[in-house]
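Here are the chains, one letter per residue:
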Amino acid sequence: MFNRAVVLLSLVVAADAFVQPTLFSTSATARFATKKEVTGEATTSAKKKGTNGEAAVNGDAAANGEASKDPCSFVVPILGDLHIDPRKMEDYSIGREHIKSIIKDAKSQVGENNVALVSLGDLGESKNCDHNPDNPFELFAGTSKCHTMAAEFLGSFDVPYEVIGGNHDLEGIDEFDSDARNLRNFLKCHGKETPQFCREIAEKTLLVGLCSTIFREATYTSHEVIIDDEQIRWFEDLLKSKPAEDGWKIFVFSHAPPNGSGIRIIQENHVVNGCCWLNHSSEKNCRKFIELVREHRCIKGWFSGHFHLGQDYQDSITFPTIDPSEGPYPNRGSCVFAQTSVMRAGTSRDGRQQSRLLRGSKNGFEICTIDHKNDGKVRVDATITYRDDSHEVGVYAHEDEAYDHDNYFKVYQPQMDDHAYVCAEDEELCMLTPDPITEETVAWWKLSCGRVLGVVNGMMLEFDKSTLAPLGLVMSADELLGKQVAVVDSGLEECMINFEEDGMDGADCADTEQDNSREQAVLVFDDDGVTVVQPNDDGSYWRKIVRNKIARMKERRREKAAVEFAQMFLPVRTEEEAKQKCLSTWGPYTTTSGVAKSTGVEGITKKKTKELNVYSS
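Caption draft 1: Region of the structure containing the overall build of the protein chain. Within the protein chain, the secondary structure is distributed over 10 helices and 22 strands. Going through the 617 residues of the protein chain one by one, you find that 54% of them count as buried. The long-range share in the protein chain, meaning contacts at least 24 apart out of those at least 6 apart in sequence, stands at 69%. Just so you have it, the protein chain exposes about 28,100 Å², and 48% of that area is on carbon and sulfur atoms.

Caption draft 2: Inspection of the pattern of salt bridges at higher detail. One pass over the full model with this rule turns up 21 salt bridges. Here Arg287 and Asp464 are joined by a salt bridge, their closest N and O atoms 2.9 Å apart. Here Arg287 is found in helix H7 (residues 283-295), whereas its partner Asp464 is found in the loop between strand E17 (459-463) and strand E18 (470-475), with 177 residues between them in sequence. Owing to a relative accessible area of 3%, Asp464 belongs among the buried residues under this scheme. Three or more residues are tied together by salt bridges with common partners; here these are Glu283, Arg287, Arg451, Glu462 and Asp464.

Caption draft 3: View of helix H5 (residues 229-241). In this model, H5 (13 residues) spans 18 Å end to end at C-alpha, consistent with the 18 Å of a helix rising 1.5 Å per residue. All buried positions along H5 are accounted for by Gln231, Ile232, Trp234, Phe235, Glu236, Leu238 and Leu239. Its side-chain oxygen 3.2 Å from the backbone nitrogen of Glu230, Asp228 forms the N-cap of H5.

Caption draft 4: Highlighting the sheet that holds strand E1 (residues 74-79). Within the open sheet, the 7 strands sit side by side as E3-E2-E1-E10-E11-E12-E13. Their pairing is mixed. Single-partner strands in this sheet number two, and they are strand E3 (161-163) and strand E13 (392-396). The average undirected angle you get between the axes of adjacent strands in this sheet is 20°. One ladder, built from 5 bridges, connects strand E12 (residues 377-386) with E13; its direction is antiparallel. Of the residues in E13, the one forming a bridge with Ala382 is Tyr396. Set on the sheet, helix H2 (residues 90-110) makes contact with E1, strand E2 (117-119), strand E10 (354-361), strand E11 (364-371) and E12; between it and E1 the angle comes to about 165°.

Caption draft 5: Geometry of the packing of helix H3 (residues 144-154) against helix H4 (residues 179-189). Contact geometry of H3 with H4 gives a least axis separation of 9 Å together with a crossing angle of 25°. Considering their axes alone, H3 and H4 lie roughly parallel with respect to each other. H3 and H4 meet at a crossing whose hand is right-handed. Taken together, the residues of H4 that come into contact with H3 (itself represented by Ser144, His147, Thr148 and Ala151) are Asn185, Phe186 and Cys189. Its residues assigned to classes, the contact of H3 with H4 shows 3 nonpolar, 4 polar and no charged.

Caption draft 6: Spotlight on a nonpolar patch on the surface. A grouping of Phe565, Met568 and Phe569 is seen on the molecular surface, where their side chains present a nonpolar patch of about 390 Å² in accessible area. Assessed through its relative accessible area of 55%, Phe569 is described here as exposed.

Caption draft 7: Region of interest: the confidence of the model for the protein chain. Of all residues in the protein chain, 74% have pLDDT values of 70 or greater, and the mean over the chain is 79. Ignoring residues within four places in sequence, the model shows residues 405-409, a span with pLDDT below 50, making 12 contacts including any to other chains. In this model, residues 608-617 is a region of pLDDT below 50 whose contacts with residues beyond four sequence positions or in other chains number 25 contacts.

Conventions we followed
- Residues numbered from 1 in each chain as written.
- Predicted model: local features only at pLDDT ≥ 70, side-chain atom pairs only at ≥ 80, totals over all residues.
- Heavy atoms only, no water.
- Helix = DSSP H or I, 4+ residues; strand = E, 2+ residues; numbered from the N terminus.
- Buried < 20%, exposed > 50% of the residue type's maximum accessible area, 1.4 Å probe, protein only.
- Contact = heavy atoms within 4.5 Å.
- Areas by Shrake-Rupley, 256 points an atom, 1.4 Å probe, with all protein chains shown as cover.
- Salt bridge = Lys/Arg side-chain N within 4 Å of Asp/Glu carboxyl O.
- Expected span 1.5 Å × (residues − 1).
- Polar contact = N/O pair within 3.5 Å; in protein donor to acceptor, adjacent residues only side chain to side chain.
- Pairing = 2+ DSSP bridges.
- Axes fitted to C-alpha atoms, helices over the stretch in contact; angles between N-to-C directions.
- Parallel < 35°, antiparallel > 145°, perpendicular 65-115°, else oblique.
- Left-handed = near helix turned anticlockwise from the far one by under 90°.
- Nonpolar A, V, L, I, M, F, W, Y, C, P; charged D, E, K, R; others polar.
- Patch = residues over 30% accessible without salt bridge, like charges linked within 9 Å, V, L, I, M, F, W, Y side chains within 5 Å.
- pLDDT = per-residue confidence, 0-100.

Following this line, the structure appears as structure tokens:
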């Protein structure tokens, strides 16, 4: 085992690394204090409740008035995506009983005021649940009925609850005509003053929640979890006011995890659609949260849901750093990130039905699994011991229980100078894939501008240049398989372009003084031709293809009208034939020409075959 004195937070992956089954054992690595340790300590007075929208906190943190209690101890069950379907309530009833039993025991151990429940959002099923006879097409998620029912459920655990909104909680699109009205209903049903929350659960220990507030108004996919600017400012101000040096410890809750968390994600869904991370489509705000984690070591834990994956994968929990012999320092501050599963069987992507349990004391905290398929059995997954206010030691309590048979959900993430890294960013010509690309090809590279691209599972992806987390799809497998990729310098030839062509009068060479990076072209090629992979206007490469649900709903209605028109006026006999005759076009159109001459769409408009295609968003 490596020297823990050298590494501030150590990672031990061994079945016998932690042998105590419960935090309440006084010999556990991160344990509750014994009576002897707290004898003579003054009990903490009850904290005054504050409003959610201020840096003040709500919730009482008294240690139940008993000197035998550690005032820093607390217990918090955490629920992942509920997706309540009023027709299928059995799993929720069973899961609730599991958690109520834990809550009852916790109250006797740490005091009633140091126990609370947290829900990570996505409260209702995103389909019609036979809940509205007047509208058989209305989605249940986001409706008044949904939030009323969810509030009743969350309020039935005999303990105060906190809740944040996920990407489905403002989906009441038939009932509410704006995100603002839908959000007001969400807050009203759950008795919240603001979307975010802050509760002092124990002495100098805060539970902080950040809520998604945009659905209809999302620029891209509605399933992106977006924390608005006002909440981000509030969060940053709160962190500044509660420094680690003063003994503050903060546990954060959001529906999706932040970029840089390193937890397991789903490439085939959330990566390609651009909805993995908080504020995924905004480069600045997407990276903001990990920057705050790095800066403020008072953040000790961050819990999220969103992916509907179980907690048996070891990378459902990630530590701030790892043994240097195993890879580079990921720089996650002092924060442990944890994925939370689901309660109902019909919402699970991998068959797991699990909730989280967070148990803390003045010495550290444990992250546990409540297994709803195993009579609510509690399993310790990781133990974190505080070394001082800014450093911890983390230990996994068991091996990865899903490692061998669930690699389908594992997404490759680059590490600096790993086996798949090819070409230095200062090379003039780099042949990235010497052989045609297959689904087994793994390669990644950095462009001179700092952008990171890679090939994995037959697709080209972009990765964050700071965290190397996957951002989104650049080119799909159907366009990439069987081809090769090269990167060549393109800036030197810029001044040799013929500007005498139409629309280029008076144009000058691009001014490169503001950007010291060399200009490069990413080329995908085979014997039939070369495709230029053009970046977006903001310099990124991943394609923000999926728009919000409202825009897509309107497009489907237009297409339906076109099908009905085709059935009336075209020589077709069936609706299916009519659908095959109907196509859609989208703007904005892109071209290297300075004159708008054509609105032709590749694959639809008949045109002369070109030797050079331009691939752009």
